[in-house]
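Chain by chain, the residues:
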Amino acid sequence: MPDRSHRWKRKGSIILLSLMLLTVLLPMVGLGIDVTMLYLMKAKLSAAVDGGAIAAARSLSAGLTFDEQRDSAVKTAEQFVQANFPDGFWGASTPSLAAGTLKVDVTQDMASYRRTLVSIEARVQVPLLFMRVLGHDHSTVAAAGTAARRDVRLVLVLDRSASMSGYMSELRENAKDFVRKFKHGDQ
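Residues numbered from 1 in each chain as written. Predicted model: local features only at pLDDT ≥ 70, side-chain atom pairs only at ≥ 80, totals over all residues. Heavy atoms only, no water.

Novice: Can you break down the nonpolar core residue by residue, with the values?
Specialist: In terms of nonpolar packing, the biggest core is built from 29 residues, with Leu45, Val104, Val118, Ile120 and Val124 touching the most fellow members. Residue assignment for this core shows that the elements contributing at least two residues are α1 (4-58), α2 (66-84), β1 (102-109), β2 (115-127) and β3 (138-150). Other than its neighbours up to four places away in sequence, Val118 contacts Ala53, Ala56, Ala57, Leu60, Val104, Asp105, Val106, Gly145, Thr146 and Ala147. (Core = buried A, V, L, I, M, F, W, Y, C linked by side-chain atoms within 4.5 Å. Buried < 20%, exposed > 50% of the residue type's maximum accessible area, 1.4 Å probe, protein only. Helix = DSSP H or I, 4+ residues; strand = E, 2+ residues; numbered from the N terminus. Contact = heavy atoms within 4.5 Å.)

Encoded structure:
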């Protein structure tokens, strides 16, 4: 028959292990799951913001004035971020200009060969799963991205010498087609 003190030691070990499981291991696992979820949410938001900045920079050719180009870039950035970070993604809402969770800034840097910069900042509230026990219902995840586009001045030099006689009309048409490819909406 086992000794009484041995039985009490065994029960004490089980109680100690149970308390440690409830107070240390379970919260650590919960924290690990919440941190992993926040990390994945940050990666998704960063990808959406980076892509939005690149798409906005590419759309800067729409419009003849800087204000028109800026408006086009802001609209494109918001659409791209919302398309790549869908509403309800793991319980988070989509960043938007109207809600103040998306900020798009378009500036011209005249000192750097007329470079236009598009900067995007976005933030979302992510619901937490296990940290709710400690009173933390959600956490904020933010991401920022920047893209630049440099204006290009293109000069076309056409040979009008006698060697081009008979080819001038074709040369002019090809030059016009080439220039049209750089206008927004014409392909």
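Novice: So what about empty space enclosed by the protein? Which residues, and what values?
Specialist: Considering all chains together, one arrives at one cavity of 30 Å³ or more under this definition. For the largest cavity, the calculated volume is near 30 Å³. Every residue lining the largest cavity is listed: Leu60, Gln69, Thr116, Arg149 and Asp151. Its residues assigned to classes, the lining of the largest cavity comprises one nonpolar, two polar and two charged. (1 Å grid on protein atoms, 1.4 Å probe; cavity = no way out; pocket = protein on both sides within 12 Å on 5 of 7 lines; lining within 4 Å. Points joined across faces, edges and corners; volume = space filled by probe spheres on them. Nonpolar A, V, L, I, M, F, W, Y, C, P; charged D, E, K, R; others polar.)

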